[in-house]
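Structural overview for review
Below, each chain spelled out in residue letters.
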2 protein chains.
Amino acid sequence: MYFLDNASTTKPFDEIKDLYDECAQNFYNPSALYDKAVLVRKKIETARKNICKYIGGEEGTLYFTASATEANNMAISSVKYHSKELVVSALEHPAVYEVAKSFQNAGVSVKFLDYTSNGITIEEIKSKVTKNTALVSMMHVSNETGIINDIKLLTKEIKKINPKIIVHVDGVQAFGKIPVDLMDLGVDMYTLSAHKIHGLKGVGALWVKNHVNVAPIIYGGGQESGVRSGTENVLGILAFELAAKKVSSDVFKNAEIARKQKQTIIDGLNKNNVKYVINGDSCSPYILSISVDGLRGEVLVHSLEKYGIYIATGSACSSKKTENRALENLGRTPSQIKGSIRISFSAYNNYDLTEVADIIAKEINKIVKTIKG
Amino acid sequence: MYFLDNASTTKPFDEIKDLYDECAQNFYNPSALYDKAVLVRKKIETARKNICKYIGGEEGTLYFTASATEANNMAISSVKYHSKELVVSALEHPAVYEVAKSFQNAGVSVKFLDYTSNGITIEEIKSKVTKNTALVSMMHVSNETGIINDIKLLTKEIKKINPKIIVHVDGVQAFGKIPVDLMDLGVDMYTLSAHKIHGLKGVGALWVKNHVNVAPIIYGGGQESGVRSGTENVLGILAFELAAKKVSSDVFKNAEIARKQKQTIIDGLNKNNVKYVINGDSCSPYILSISVDGLRGEVLVHSLEKYGIYIATGSACSSKKTENRALENLGRTPSQIKGSIRISFSAYNNYDLTEVADIIAKEINKIVKTIKG
């Protein structure tokens, strides 16, 4: 099997199985008073501190959630927009885009930042962000194209306009893949996901800088310092810590493995004369998004599954939606958008992809020929 | 070890370990298009239907969440309170109480239903619920005292006042422990938790009757029919299904085991002349809440942990809070409230508790003697 849809989810690290056994044995509610429960609570606190360390976020706190989606919702809902504006990038993950839309429906003024193939530009920031902006939300790495935003530069520009503007970054496709140092980036909030870095599904986190306000969207027993109530997903949190430690200690080595895998696919496309465009210029080594005029992405997905090769059309998280804001934003035609695929890598699936690249390229050509006639 | 805090959380069933292996192997994102991901999506849909069946809720849908807390928040947030009232019982779990408080702070008219030792009365419903009430939220079984509400009777009374009033019930301490048949109860929304029935932490669900509106509190990729976005916690959901099947098929047999365990503790208290009152008259066999004048609950918790006996003071979920609405509502004095403990059972920890009862009783007497001098 060749799993090339790692931007959608990843296989949990084998070591997490031992954590499962440990958590099933020490199943106590972290809120209980007795010694064994206190030990569980301490493990969660250690995980929280360690993950902060791995992202260079010691001057802030991490709040565990059930998903990056929830973390993004929390970030954007935390800010009071009364006579203020919300600015989000046009190709945000639905978790940001849809919550921004819901705020827009509720009367908040929302502006959308356009992308270039090199990400959001300083000019775009200057033209959309004003002194009256309350929060700006951007992705660190686009989940659909892999385009990397220069978050440090953009944040500096935003803070120049008004240092009180909260900068929230969805780092789901960045952490563990490109270097992430939150104090250096200068952001106020940062979203993480566990299952994109070989942790378990059902866990995300929102990092919040000290002295930045965050408000709950879920009320209850007061867990996570009252910011996010509900009994903690102990196994999910400890697995997140384990995965975060592994991926953050090998960022450069792993990126090189991903880069080589990506190049192998590109070489295969070129060798077979596939007529494609790459969506994005400064991109993550982990994501290859291409558009092929006359292809149907979903037809390719199904024809490749017969070979045990798994890729995506757009973002799996929004695969049920027909629009594709990311590719429209890059000026792709409707035909190119229908013919778009995303191939995404992991250093922990260290395949030789030479043959796979050949199969993908030949299947693309076959489908284009059939469709174009 | 004697784990007698099963109302706080429970040990996952051993069989869930096999599910862990299966999910780690089939780790695909349920939203992806390829065959292997579609199989995962189908498993989630089967789990959804099966759990509906186990609660007699075929004429409705189940939405998976990360906790019962989130499900309670969703239920109460779904209703439009514009010039309408919200009515919740005074001793609701913080997940309901705190969200009701947040609505109250936002200007919604909120009324609180008082309890008797037999639960909420019809008179109380008549005096608080009006034609202008939008939603009533009650617990099926109180997590702190085990008091059972006659949900069928109360729902009938509410619907007599206005059939449009939405009735939401938190069934976390009821499902799998007392018979639950949602169509018979006549409610509109019902909350479940996985980790209270030997499933995993990090999963809950809100059941919603057909044609009853439910609105998202988390926006994004459109999972759970758009009602609750975020990549699904596949392992947690499948473990929930497994646990729900087991507990719902043995409700009567298991309740008898719990009843005997509870009686053994009561016998031990009586034999040792402990001066206690039981909090509640019509109670779940799974929960024994008592108040002892002159006791300190947390001192007892810590003295028992030395024997490997684990009990709770109040609800573990709110153990950090000092107030106790449930016991105040039953007329307990501050001294009695400080001296309150909760012992909660599971049929799957089928201990002989004769000796344990003796130890608990003697420790209580010792502490009371020390404190009273």
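**So, the overall build of chain A**
A tally of regular secondary structure across chain A gives 13 helices and 12 strands. In summary, chain A has a C-alpha radius of gyration of 21 Å against a globular reference of 21 Å for 373 residues, a match within 12%. Projected onto the principal axes, the alpha-carbon positions of chain A cover approximately 70 × 50 × 35 Å. Buried residues in chain A amount to 59% of all 373 residues. Taking contacts inside chain A between residues at least 6 apart in sequence as the whole, the part at least 24 apart equals 76%.

**Let's talk about helix H2 (residues 35–54) of chain A**
Residues and elements named next belong to chain A. With 20 residues, H2 extends 29 Å between its outermost C-alpha atoms, agreeing within 8% with the 28 Å of an ideal straight helix rising 1.5 Å per residue. Looking only at H2, the buried set comprises Ala 37, Val 40, Ala 47, Arg 48, Ile 51 and Tyr 54. Looking straight down H2, one finds its buried side chains confined to an arc of 135°; they lie on one side. Residues Leu 39, Lys 42, Glu 45 and Thr 46 are exposed on H2 and point more than 90 degrees away from its buried face. On its buried face, H2 sits against strand S2 (60–65), strand S8 (204–209) and helix H8 (234–249).

**Let's talk about the interface of chain A and chain B**
The interface is formed by 57 residues belonging to chain A together with 57 residues belonging to chain B. Listed by contribution, the elements that provide at least two residues to the side of chain A that touches chain B are helix H1 (16–25), H2, helix H3 (68–77), helix H4 (94–105), H8 and helix H10 (297–305) of chain A. At 5 residues, the largest contribution of residues to the side of chain A that touches chain B is made by H4 of chain A. For the side of chain A that touches chain B, the residue count by class is 23 nonpolar, 21 polar and 13 charged.

**Some thoughts on H4 of chain A**
All names here are of chain A. Between the first and last C-alpha of H4 there are 16 Å, a value that for 12 residues agrees with the 16 Å anticipated at 1.5 Å per step. Regarding H4, the residues found buried are Pro 94, Ala 95, Val 96, Tyr 97, Glu 98, Val 99, Ala 100 and Phe 103. The inward-facing, buried residues of H4 contact H3, strand S3 (85–89), strand S4 (109–113), strand S5 (133–139) and strand S6 (166–170). Phi turns positive, to about 105°, at Gly 107, one or two residues after H4.

**Overview of the nonpolar core**
Judged by nonpolar contacts, the single largest core of 246 residues is most densely connected at Trp 207 and Ala 239 of chain A together with Trp 207 and Ala 239 of chain B. Beyond its immediate sequence surroundings of up to four residues, Ala 239 of chain B is in contact with Pro 12, Ile 16, Leu 19, Ala 194, Gly 199 and Leu 200 of chain B.

**With respect to the relation of the copies chain A and chain B**
Once chain A has been moved 0.0 Å along the axis and rotated by 180°, it coincides with chain B to within an RMSD of 0.0 Å. Expressed as a symmetry operation, the mapping of one chain copy onto the other fits a two-fold axis. Of the C-alpha atoms belonging to chain A, the one lying closest to the rotation axis is found on Ala 66 of chain A, 2.9 Å away. Take the interface residues of chain A: 100% of them recur as interface residues in chain B, which is what a same-surface contact looks like.

**What about the confidence of the model for chain A?**
Residues and elements named next belong to chain A. Of all residues in chain A, 97% have pLDDT values of 70 or greater, and the mean over the chain is 94. Segment residues 315–320: pLDDT under 50, and 21 contacts once partners within four positions in sequence are set aside and those in other chains are kept. Model confidence for the complex: the whole-complex pTM is 0.96, and ipTM, which rates the interface, is 0.95.

**Describing unusual backbone geometry**
Residue and element names in this part refer to chain A. Located in the positive-phi region is His 198, a residue other than glycine, with phi close to 70°. Checked against the element boundaries, His 198 lands in the loop between strand S7 (189–193) and S8. For His 198, a count of 27 C-beta atoms within 10 Å translates into the label buried. Within the chain, Asn 273 stands out as a residue other than glycine whose phi angle is a positive 55°. By the element assignment, Asn 273 lies in the loop between helix H9 (251–271) and strand S9 (277–278).

**Focus on the environment of Phe 13 of chain B**
By the element assignment, Phe 13 of chain B lies in the loop between strand S1 (2–3) and helix H1 (16–25). For Phe 13 of chain B, a count of 19 C-beta atoms within 10 Å gives the class partly exposed.

**Describing the domain arrangement of chain A**
Residues and elements named next belong to chain A. Each assigned domain of chain A is listed with its residue range as follows: domain 1 (2–9 + 250–372) and domain 2 (16–249). Centre-to-centre separation of domain 1 and domain 2, based on C-alpha positions: 27 Å. Across the boundary between the two partners, domain 1 contributes 25 residues, which contact 30 residues of domain 2. In the side of domain 1 that touches domain 2, the residues fall into 10 nonpolar, 11 polar and 4 charged.

**Structural notes on the sheet that holds strand S12 (residues 340–344) of chain A**
One key point about sheets: their strands pair by backbone hydrogen bonds, in either a parallel or an antiparallel sense. An order of S9-S10-S12 (chain A) is seen for the 3 strands of this open sheet, with the pairing classed as antiparallel. Looking at the sheet topology across the chains shown, the edges are occupied by S9 and S12 of chain A.

**Description of the sheet that holds strand S10 (residues 287–291) of chain B**
All names here are of chain B. Strand order in this open sheet of 3 strands is S9-S10-S12, and the pairing throughout is antiparallel. One side of each edge strand has no neighbouring strand; the edge strands of this open sheet are strand S9 (277–278) and strand S12 (340–344). Both S9 and S10 contribute to a ladder of 2 bridges, which runs antiparallel. Bridging across to S10, Val 277 finds its partner in Ser 291.

**Some thoughts on the packing of helix H10 (residues 297–305) of chain B against helix H13 (residues 354–372) of chain B**
All names here are of chain B. Relative orientation of the contacting elements H10 and H13 amounts to 130°, with a least axis distance of 10 Å. In terms of their interaxial angle, H10 and H13 are classed as oblique. Handedness of the H10/H13 crossing: right-handed. Contact with H10, carried on its side by Val 299, Leu 300, Ser 303 and Leu 304, involves Ile 360, Glu 363, Ile 364 and Ile 367 of H13 and no other residues of that element.

**Here's the deal with the environment of Glu 98 of chain A**
Tracing the backbone shows Glu 98 of chain A in helix H4. Here the alpha-carbon distance between Glu 98 of chain A and Ile 76 of chain A, two residues 22 residues apart in the chain, equals 11 Å. The residues touching Glu 98 of chain A, leaving out its near neighbours within four places in the chain, are Tyr 219 and Gly 220 of chain B.

**Concerning the packing of H1 of chain A against H8 of chain A**
Residue and element names in this part refer to chain A. Where H1 meets H8, the closest approach of the two axes is 10 Å, and the angle between their N-to-C directions is 145°. Two packed elements cross with a definite hand, and for H1 against H8 that hand is right-handed. Two secondary-structure elements touch here, H1 through Ile 16, Leu 19, Tyr 20 and Cys 23 and H8 through Val 234, Leu 235, Leu 238, Ala 239 and Leu 242.

**Here we look at the pairing of S5 of chain A**
Residues and elements named next belong to chain A. Taken across its 7 residues, S5 has 7 buried, putting it largely inside the fold. Alignment of S3 against S5, held across 4 bridges, turns out to be parallel. Following the sheet pairing, Val 88 is matched in S5 by Ser 137. When S5 meets S6, the two strands line up parallel, connected through 5 bridges. Within S6, the residue paired with Met 138 across the bridge is Val 169.

Reading guide: rules and limits
Residues numbered from 1 in each chain as written. Chains lettered and ligands numbered in written order. Predicted model: local features only at pLDDT ≥ 70, side-chain atom pairs only at ≥ 80, totals over all residues. Helix = DSSP H or I, 4+ residues; strand = E, 2+ residues; numbered from the N terminus. Rg over C-alpha atoms; globule rule 2.2 N^0.38 Å. Buried ≥ 20, exposed ≤ 12 C-beta atoms within 10 Å, placed from the backbone. Contact = placed C-beta atoms within 7 Å. Expected span 1.5 Å × (residues − 1). Arc of directions from axis to C-beta. Nonpolar A, V, L, I, M, F, W, Y, C, P; charged D, E, K, R; others polar. Core = buried A, V, L, I, M, F, W, Y, C linked by C-beta atoms within 7 Å. Least-squares fit on C-alpha atoms with pLDDT ≥ 70 in both. pLDDT = per-residue confidence, 0-100. Domains from an automatic or database assignment. Pairing = 2+ DSSP bridges. Axes fitted to C-alpha atoms, helices over the stretch in contact; angles between N-to-C directions. Parallel < 35°, antiparallel > 145°, perpendicular 65-115°, else oblique. Left-handed = near helix turned anticlockwise from the far one by under 90°.

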